[in-house]
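The chain contents come next:
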Amino acid sequence: MALTILIGKIKSGSDPVKGLLSMAKASENAERYSDMCSFMRELVAAKVAAGEDLTVEERNLLSVAYKNAVGARRASWRTLILDEYKGNSLIDEYKKKVSTEMKTIWYHYVSMFLPRIIVFPIFLF
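Residues numbered from 1 in each chain as written. Predicted model: local features only at pLDDT ≥ 70, side-chain atom pairs only at ≥ 80, totals over all residues. Heavy atoms only, no water.

### With respect to the nonpolar core
Next up, step 1: Met-36, Phe-39, Met-40, Leu-43, Leu-62, Ala-65 and Tyr-66 are the most contacted members of the largest nonpolar core, which has 21 residues in total.
Next up, step 2: Residue assignment for this core shows that the elements contributing at least two residues are helix H1 (3–11), helix H2 (16–29), helix H3 (33–49), helix H4 (56–80) and helix H5 (89–113).
Next up, step 3: At seven residues, H3 tops the list of elements feeding residues into this core.
Next up, step 4: Those residues in contact with Leu-62 that lie beyond four places of it in its chain are Met-40, Val-44, Leu-54, Tyr-109, Met-112 and Phe-113. (Core = buried A, V, L, I, M, F, W, Y, C linked by side-chain atoms within 4.5 Å. Buried < 20%, exposed > 50% of the residue type's maximum accessible area, 1.4 Å probe, protein only. Helix = DSSP H or I, 4+ residues; strand = E, 2+ residues; numbered from the N terminus. Contact = heavy atoms within 4.5 Å.)

Written as structure tokens, this is what we have:
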């Protein structure tokens, strides 16, 4: 079953936050951190829409999801930049793929919070 279909079923249930939280925990146990990120992103959206803050447990799960999703790609990146791979155009393309995945993960993470961040301009005279 596609993840988007599963998320849709959870969101149409009686308690979507509880369902998303449960699936995020299951994803963590299965070490499926990209899936965990998806469940937590939807959970954050539901909580924000309801005007609720995240609980300590939800904040911790959000942190675990994104830390591990990025961490796996950082480990891949460190392997791909070794001297033995220098000058290999296929490896360079693969590094771009890994880099794009990391950027996408961080974009999703930051975009959850941008609407709630107020930026005050500072003028230096």
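From this point, things continue past the structure.
### Brief notes about the pattern of salt bridges
Next up, step 1: Inspection of the entire model under this criterion finds nine salt bridges.
Next up, step 2: Of the charged contacts in the structure, one is a salt bridge between Arg-32 and Asp-35, with a shortest N-O distance of 2.9 Å.
Next up, step 3: With a relative accessible area of 47%, Arg-32 lands in the partly exposed category.
Next up, step 4: Using a relative accessible area of 18% as the deciding quantity, one classes Asp-35 as buried.
Next up, step 5: With its nearest N and O atoms 3.6 Å apart, the salt bridge here joins Glu-52 to Lys-47.
Next up, step 6: Judged by its relative accessible area of 41%, Glu-52 is partly exposed. (Salt bridge = Lys/Arg side-chain N within 4 Å of Asp/Glu carboxyl O.)

### Concerning the environment of Thr-100
Next up, step 1: Mapped onto the elements of the fold, Thr-100 is located in helix H5.
Next up, step 2: The class of Thr-100 is partly exposed, set by a relative accessible area of 46%.
Next up, step 3: Between the alpha carbons of Thr-100 and Glu-58 there is a distance of 27 Å; along the sequence they are 42 residues apart.

### A look at the confidence of the model for the protein chain
Next up, step 1: The predicted model of the protein chain averages 89 in pLDDT, with 90% of residues at 70 or higher.
Next up, step 2: The lowest-confidence element of the protein chain is H1, averaging 90 in pLDDT; the highest-confidence one is H2, averaging 96. (pLDDT = per-residue confidence, 0-100.)

### Describing the side chain of Glu-58
Next up, step 1: As for its placement among the helices and strands, Glu-58 is situated in helix H4.
Next up, step 2: Discounting chain neighbours no more than four positions away, the residues touching Glu-58 are Val-17, Leu-21, Met-40, Leu-43, Lys-47 and Asp-53.

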